[in-house]
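A structural walkthrough
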Amino acid sequence: MRKMGYLADKFSRTFTPFGILKNLFRKPMTLQFPYETLPPVEGYRGRHTIDLEKCDGCFVCSMICPNKAIWPVEFKGRKYPQVNLGKCCWCQLCEEYCPNEAIKLTPHAMMVTMDKESAILGLGEEGFVPRHH
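About the thresholds
Residues numbered from 1 in each chain as written. Predicted model: local features only at pLDDT ≥ 70, side-chain atom pairs only at ≥ 80, totals over all residues. Heavy atoms only, no water. Helix = DSSP H or I, 4+ residues; strand = E, 2+ residues; numbered from the N terminus. Buried < 20%, exposed > 50% of the residue type's maximum accessible area, 1.4 Å probe, protein only. Areas by Shrake-Rupley, 256 points an atom, 1.4 Å probe, with all protein chains shown as cover. Pairing = 2+ DSSP bridges. Patch = residues over 30% accessible without salt bridge, like charges linked within 9 Å, V, L, I, M, F, W, Y side chains within 5 Å. Salt bridge = Lys/Arg side-chain N within 4 Å of Asp/Glu carboxyl O. Core = buried A, V, L, I, M, F, W, Y, C linked by side-chain atoms within 4.5 Å. Contact = heavy atoms within 4.5 Å. Polar contact = N/O pair within 3.5 Å; in protein donor to acceptor, adjacent residues only side chain to side chain.

1. Thoughts on the overall build of the protein
Counting its regular elements, the protein contains four helices and six strands. Reading the helices (α) and strands (β) of the protein from amino to carboxyl end gives α-α-β-α-β-β-α-β-β-β. Counting the 133 residues in the protein, one finds 26% classified as buried. On the protein, roughly 10,200 Å² of surface is accessible, and the fraction owed to carbon and sulfur atoms is 60%.

2. Quick word on the pairing of strand 2 (residues 70-75)
Both strand 2 and strand 3 (residues 78-84) contribute to a ladder of six bridges, which runs antiparallel. Along strand 3, the bridge assignment pairs Pro-72 with Pro-81. Between strand 2 and strand 3, which follow one another and run antiparallel, lie two residues, and Lys-76 among them has a positive phi close to 55°.

3. Concerning a nonpolar patch on the surface
A cluster of nonpolar side chains, Leu-21, Leu-24 and Phe-25, forms an exposed patch at the surface whose accessible area comes to about 360 Å². One can find Leu-21 in helix 2 (residues 17-24). For Leu-21, a relative accessible area of 43% gives the class partly exposed.

4. Let's talk about the nonpolar core
Cys-55, Ile-70, Val-83, Cys-94 and Ile-103 are the most contacted members of the largest nonpolar core, which totals 14 residues. Counting only elements with at least two residues in this core, the list comes to strand 2, strand 3 and strand 4 (103-105). In this structure, Ile-103 is in contact with His-48, Thr-49, Ile-50, Ile-70, Val-83, Cys-94, Glu-95 and Cys-98, ignoring residues within four places of it in sequence.

5. Let's talk about the side chain of Asn-84
Relative to the elements of secondary structure, Asn-84 occurs in strand 3. A polar atom in the side chain of Asn-84 sits 2.8 Å from the backbone nitrogen of Gly-86.

6. Description of unusual backbone geometry
Positive phi, normally seen in glycine, also occurs at Lys-68, with a value near 55°. Positive phi is not limited to glycine here, since Gln-92 has a value of about 75°. You can see Gln-92 is positioned in the loop between strand 3 and helix 4 (93-97). Exposure remark for Gln-92: the relative accessible area of 23% places this residue in the partly exposed category.

7. Focus: the environment of Cys-55
The residue Cys-55 is located in the loop between strand 1 (48-50) and helix 3 (60-64) in this model. The spatial distance from the C-alpha of Cys-55 to the C-alpha of Pro-81 is 8.8 Å, given a sequence separation of 26 residues. Among all residues touching Cys-55, those that are not within four sequence positions of it are Ile-50, Arg-78, Tyr-80, Pro-81 and Ala-102.

By themselves, these are just geometric observations and shouldn't be taken as functional.
Here you go:
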């Protein structure tokens, strides 16, 4: 019974004429996503990027990955890593153990896909991008 009294009291204070006016001119607490976003938190682990000039194809990243989300693929006569974002656990071990600092996790967090194939980051003519078949 006491809880109902508390809720009724909260309700009556919110919907008084002054309560309505106060809330009417208050800045909203929510964001209009996707038009407004918060800046990423420092150290956030987002989408992978690979510096193709630094990558020598040693595949330490592939060997260290606990989920086997990274594997080698051939592109223009050379082997490069390909990353399945659906399998990745964002542990950052690939970045930590890469001897050439070629693979990095960016703060890019907006990753939306409608199929599994486009969750795979691989090399294409445009660079290291989502692969589509």
